[in-house]
Every structure is written in structure tokens, then in C-alpha cells.
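Residue-level structure breakdown
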Amino acid sequence: MYPNLYYAFKDLFGLEIPALRFVNSFGFFLAIAFLVAAALLGMEMKRKSKEGLLQPTEMEITVGSPVTASELIINFLIGFLFGYKILALFFLSSEATQDPQTFIFSGMGNWPLGITLGALFAGLKWWDKKKHQLAKPEKRKVRIWPQDRVGEITILGLIFGVVGAKMFDIFENWSDFLERPLEYILSGGGLTFYGGLICATIAIIWYARKHNISVRHLADAIAPSLMIAYAIGRIGCQVAGDGDWGIYNAAYKTDAVGNILPAAPSDFDSSLKANATFFSHDLAEFGEVRNTFFPKPSALSFLPDWMFAYNYPNNVNKVGVPIAGCTEQHCAQLPVPTFPTPFYETVACLLLFLLLWSLRKKLKPVGSLFALYLIVNGLERFFIEKIRVNNRLNFLGMHPTQAEIISLGLVLTGIGLWIYLIRTYRQKTVK
């Protein structure tokens, strides 16, 4: 596992670059997910604009105005923070930057670098505004196409997506949050996708209506992007080991140095006794230690064992038992391997992305592609929850997970939306 890029570069290339401790692996793949999603969304919106399905809007802007005090202050603060914290990584001792979260929220940094870079950023802003300044500022009307707003839509989705994902994860794990609130908020793991999806959707719908962008066409354009973004994001979950794994696969066991070996049915009980302290959390949180005995099928013997059972060594959450001989910050591994559900979701969602992408020009009712996305996304998540570790709720006498309830709601919403759109489309076609 690579909780941050420092571990990845050290293991893959033999390079120890302390500054890479600040690049969380999950965050790295999350950034890639948003960049890929933004690129695909831009392509789809441009295609729809060429086909006359999306129209531009006009807005008035002022050009040639001098730089304002607020612009100088904002640019100075951005440059100062970048120099004081980021560039300081290359000058401070390794002991000072060993724990990235502690460093970021501490007073440690490099004042000369911060002030110098802040002054540089403010100076560049002043010079740029001075170069384009007019004797008399002018107001001009510009035409903005929906695809020109992809950057703003992506940033909006990123901010509300991450905040919503964190909020829903806190609600889902309320008892853990109350025990260590600050650590939980600043953790590199712990993001609930559906929380991000719901909050980001609300924000983007508001933005689309504000700028007269067809919500239905935008929804269809964004559906494949959401699916591929989720697939890439799950790569980050798998690589970082952020806790989004499955239930224990008792057909395998982990030895002291991290090797995954076949196990006998009785070995799981032995692991429970030998690691009673670790498993006590599962007992307290879930009332049981969820597991199943699932050896690799003979028909799939060519696949590596980790696809069926993985122990997530060096995981970012530091969950598990100590790894023999490990002296790094992240030295824990699971005593019994689990199903690598993030990997399963990556594969499933890549296939679903290809399905949506292939149908994007074929489905006629506007909004039907997004309805299909809701259905297949909900089904994928509902079934993966059956082998995934998650807190269970008490809902009408049943004990589903939060994700099962939301995913079922998405499926029903998608089916209802699909039926409505098809009926409306047929009625218009007949007339």
C-alpha cells in the first residue's frame, strides 16, 4: 500500500523524497479523476453545442480596470502560503515533516520564502493588470458557451463533492467521529461517495439554472464522467488502503511479514484469539466480525490471490496489527485478508463507463442517459455492499447500510425517471 506518494516512489524507484509525504495517494487519484471527468464533460458539452442542443449566454465584463487592493492581498496570501508551507518542505528537516497532517496545521514553515513568494505573486498580478489597463475601463459583452464553464462546474463539484462526502462519512461513523473528531476530519481517508454525489448535484443544478444551461443535457453529458471518476477514485481507495475494503475472507491468512497464505477453516478462529484487541473494535462497532470462507475458484486460478484476499499493508488509516520489521509511520496490516472491494468497483465501473459512453448518442429522450446512470450505479453499489464492511442502520426493522438505502433510492429514481422520459418522448413523437 502507498498511503502517500513518498511510499510509492520509495518502493517503485528507490527514491526517498520527503516532500511527497504531503501528496496523499487517494487525493492524487481523486485529482486525476476530476481532471479526466472534466475533459470528458467538456467533450460532450462541445458536441452538444455543435448539434444545437446547448446554447451560449451573454454576460457583461469590464476590461482595462486597474488592480484592486483585494486582488493584491489575495495573491500575496496565496503566494505566502505556497512558500511558507509547500516550498518549506525542501528546506526543513525530515523530522519536522514526518507527519504531514501535523505539519500542515502547525506554525512551522519558512517565513522568508513565504514573504518572498507572496510579494512575487502580488507583483505579477499588478504587472499583468497594468499591462492591460486602459485610460478609461470599458464594458464589453462576451458570449460564453456551456463548455466554457466546465472548469467552474468541476471546481464546484470538487468542493461540494468532498465536503458532502466527508459529512456523510461522519454521519455514518458518528461514534468514531465523537471519539476523535479532529483526527477524523483531517484524515486522508473516509469519504462517502453518495454524500459527495448528492451535495455536488444540488450545487451543479443551481449553477446550471443560474447560467441557463439545460439541466437534462448537462445531466446526460456528465453521466459518463461521473462513472469514470468513480472508477479512478476507487483506485485511490485501493492504493491508499483507506478502509473501504470488504469483509474478511477466512480462506486466507496473513503471516507476520505480510504474506497472504491459504488458510484452513479453523485458522480464522485462531486469528480472532491471537488478535483479540484488534477484532474487539469490530465486535463493538458491528456486533460481529463479518467473514466468509471463499477460496479462489479453480476456473480463476490464473488470477493472483490478492484479487480475492488482501491485507492492505501500510494502509493510510494505520488499521490492523504491526508489520514485523517496519519502522515507518504506516506500519499496520490486517491480520486476516479482506475482499478488495475498491478493486472490484474499479473494474465494474470501467465497464459501466464504456456502456454509458457507447450509448450517449443513441438514447433519444434527453435525460435518459442520466437515468440509466442512476440505475446501473445504484445496482453496482447495492451488490458490492453485500461483501463490504460498513456500519448498519436500524431502518424499519431491517439493518441496511447507508449506501444500500441510497443506492436503492437511486435505482428507483432512475427507473421512475426512465419511464417518465420514455412516455413523454413517445407522446411527442406520436403527435
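Here the structure is a predicted model, which is why all the values come from computation and not from measurement.

Calculation criteria
Residue positions are given per chain, counting from 1 as you read along its sequence in written order. The predicted origin of the model limits local features to residues at a pLDDT of at least 70 and limits the giving and counting of side-chain atom pairs to 80 or more, whereas totals for whole chains, interfaces and linings rest on all residues. Values reported for side chains reflect all heavy atoms of the structure, with hydrogen atoms and water molecules removed beforehand. Helix and strand assignments come from DSSP, with helices taken as H or I runs of at least 4 residues and strands as E runs of at least 2, each series counted from the N terminus. The classification of residues rests on relative accessible area computed with a 1.4 Å probe and restricted to protein chains. Under 20% of the type maximum is buried, over 50% is exposed, and intermediate values are partly exposed. One side-chain nitrogen of Lys or Arg within 4 Å of one carboxyl oxygen of Asp or Glu is enough to make a salt bridge. Here the expected length of a helix is defined as 1.5 Å per residue gap, with one fewer gap than residues. Among buried residues, the Ala, Val, Leu, Ile, Met, Phe, Trp, Tyr and Cys ones that are joined through side-chain atoms within 4.5 Å form a nonpolar core. The contact definition used throughout considers only heavy atoms, calling two residues in contact when any of these lie within 4.5 Å. Here the bend at each residue means the angle between axes fitted to two seven-residue stretches, the one ending at that residue and the one beginning there. Only the six-membered ring of Trp is used, alongside the rings of Phe and Tyr, when aromatic pairs are assigned; centres must lie within 6.5 Å, and planes under 30 degrees apart are stacked while those over 60 apart are edge-to-face, with the rest tilted. Axis angles are defined between N-to-C directions and span 0 to 180 degrees, where every axis is a line fitted to C-alpha atoms and, for a helix, only to the segment in contact. Each angle gets one of four labels, with under 35 degrees taken as roughly parallel, over 145 as roughly antiparallel, 65 to 115 as roughly perpendicular, and the rest as oblique. Left-handed describes a crossing in which the near helix is turned anticlockwise from the far one by less than a right angle; the clockwise case is right-handed. The residue classification treats Ala, Val, Leu, Ile, Met, Phe, Trp, Tyr, Cys and Pro as nonpolar and Asp, Glu, Lys and Arg as charged. All others, Gly included, are polar. The term disulfide is used for any two cysteine sulfur atoms that are within 2.5 Å. Exposure above 30% relative accessible area and the lack of any salt bridge qualify a residue for a patch; like charges then connect within 9 Å, and the nonpolar side chains Val, Leu, Ile, Met, Phe, Trp and Tyr within 5 Å. Throughout, the Shrake-Rupley method with a 1.4 Å probe supplies accessible areas, and for residues the shown protein chains are the sole cover considered. pLDDT is a residue-level measure of predictor confidence that goes from 0 to 100.

Points about unusual backbone geometry
- With phi around 60 degrees, Asn314 is a residue other than glycine that occupies positive phi space.
- Tracing the sequence through the fold places Asn314 in the loop between strand 6 (291-292) and strand 7 (321-322).
- By relative accessible area, which is 18% here, Asn314 ends up buried.
- In this structure, Lys318 is a non-glycine residue whose phi angle is positive, near 60 degrees.
- Residue position: Lys318 is located in the loop between strand 6 and strand 7.

Here we look at the pattern of salt bridges
- Applying the stated rule across the entire model yields 15 salt bridges.
- One salt bridge in this structure joins Arg149 and Glu152, with 3.9 Å as the shortest N-O distance.
- A residue is classified by how much of its surface remains accessible, and Glu152, at 43% relative accessible area, is partly exposed.
- The network of salt bridges with common partners includes Arg234, Asp244, Glu345, Arg381, Glu385 and Arg388.

Here's the deal with helix 14 (residues 368-384)
- The terminal C-alpha atoms of helix 14 lie 24 Å apart, and with 17 residues this matches the ideal 24 Å at 1.5 Å per residue to within 8%.
- Most of helix 14 sits out of view: 14 of its 17 residues are buried.

Thoughts on the nonpolar core
- Judged by nonpolar contacts, the single largest core of 29 residues is most densely connected at Tyr194, Met227, Leu356, Phe370, Tyr373 and Leu410.
- When residues of this core are traced back to their parent elements, those giving at least two are helix 2 (25-50), helix 9 (193-210), helix 10 (215-240), helix 13 (341-359), helix 14 and helix 15 (402-430).
- Ignoring sequence-local partners within four residues, the contact set of Tyr194 consists of Asn377, Gly378, Arg381, Ala403, Ile406, Ser407 and Leu410.
- In terms of nonpolar packing, the next biggest core, distinct from the first, is built from 19 residues, Met1, Ala250, Phe279 and Met307 among them.

Here's the deal with helix 10
- With 26 residues, helix 10 extends 35 Å between its outermost C-alpha atoms, agreeing within 8% with the 38 Å of an ideal straight helix rising 1.5 Å per residue.
- Residue Ile222 marks the point of greatest curvature in helix 10, where the axis turns by about 35 degrees; the proline Pro224 follows within four residues.
- By the criterion of burial, helix 10 is predominantly enclosed, with 21 of the 26 residues buried.
- Gly241, located one to two residues past helix 10, shows a positive phi value of around 65 degrees.

Examining the packing of aromatic side chains
- Taken as a whole and assessed by the stated rule, the structure comprises 20 aromatic pairs.
- A ring pair is formed by Tyr248 and Phe279, whose centres lie 5.5 Å apart and whose planes are at 70 degrees; its orientation type is edge-to-face. Here Tyr248, found in strand 3 (residues 248-249), pairs with Phe279, found in helix 12 (residues 276-286); they are 31 residues apart in sequence, far enough to count as distant.
- Owing to a relative accessible area of 1%, Phe279 belongs among the buried residues under this scheme.
- Clustering of aromatic rings is evident, with ring pairs tying together Trp245, Trp306, Tyr310, Tyr312, Phe343 and Tyr344.

Some thoughts on the packing of helix 2 against helix 10
- Remark: helix 2 packs on helix 10, axes separated minimally by 8 Å, with the N-to-C direction vectors making an angle of 160 degrees. The orientation of helix 2 with respect to helix 10, classified from their angle, is roughly antiparallel. The chirality of how helix 2 crosses helix 10 is right-handed.
- Considering only residue class, the contact of helix 2 with helix 10 consists of 19 nonpolar, five polar and three charged.

What about the packing of helix 13 against helix 14?
- Remark: helix 13 packs on helix 14, axes separated minimally by 11 Å, with the N-to-C direction vectors making an angle of 160 degrees. The pairing of helix 13 with helix 14 is recorded here as roughly antiparallel in orientation. The way helix 13 lies across helix 14 gives a crossing that is right-handed. For the pair formed by helix 13 and helix 14, the contact residues are Thr341, Tyr344, Glu345, Ala348, Cys349, Leu352, Leu356 and Leu359 on the first element and Leu369, Leu372, Tyr373, Val376, Glu380, Arg381 and Ile384 on the second.
- For the contact of helix 13 with helix 14, the residue count by class is eleven nonpolar, one polar and three charged.

Re the state of the cysteines
- All chains considered together, the criterion is met by one disulfide.
- The disulfide partner of Cys326 is Cys331, and the gap between their sulfur atoms is 2.0 Å. Across the disulfide from Cys326 to Cys331, rotation about the S-S bond amounts to roughly -65 degrees, and the bridge is consequently left-handed.
- Cys237 takes part in no disulfide bond, and the closest cysteine sulfur, belonging to Cys349, lies 11 Å away.
- Note on Cys237: relative accessible area 3%, which makes it buried.

Considerations on a nonpolar patch on the surface
- Taken together, the side chains of Ile155, Leu158, Ile159, Phe160, Val162, Val163, Met167 and Phe171 make up a nonpolar region of the molecular surface, amounting to roughly 690 Å² of accessible area.
- Tracing the chain through its elements places Val162 in helix 6 (residues 150-172).

Structural notes on the side chain of Ser25
- Note on placement: Ser25 falls in helix 2.
- Not counting residues up to four positions away in its chain, the partners in contact with Ser25 are Tyr2, Pro3, Asn4, Leu5, Gly236, Val239 and Ala240.

A few points about the confidence of the model for the protein chain
- The predicted model of the protein chain has a mean per-residue pLDDT of 88, with 92% of residues at 70 or higher.
- Looking at the elements of the protein chain, mean pLDDT is at its lowest for helix 4 (residues 100-104), recorded as 62, and at its highest for helix 13, recorded as 97.

Re the environment of Ala403
- Tracing the sequence through the fold places Ala403 in helix 15.
- Dropping the residues within four chain positions of it, Ala403 is found in contact with Tyr194, Arg381 and Glu385.

Some remarks on the environment of Gly196
- Looking at the element boundaries, Gly196 is found in helix 9.
- For the pair Gly196 and Phe279, spaced 83 residues apart in the sequence, the C-alpha separation amounts to 30 Å.
- Residues contacting Gly196, with those up to four places away along its chain left out, are Phe160, Gly161, Gly164 and Ala165.

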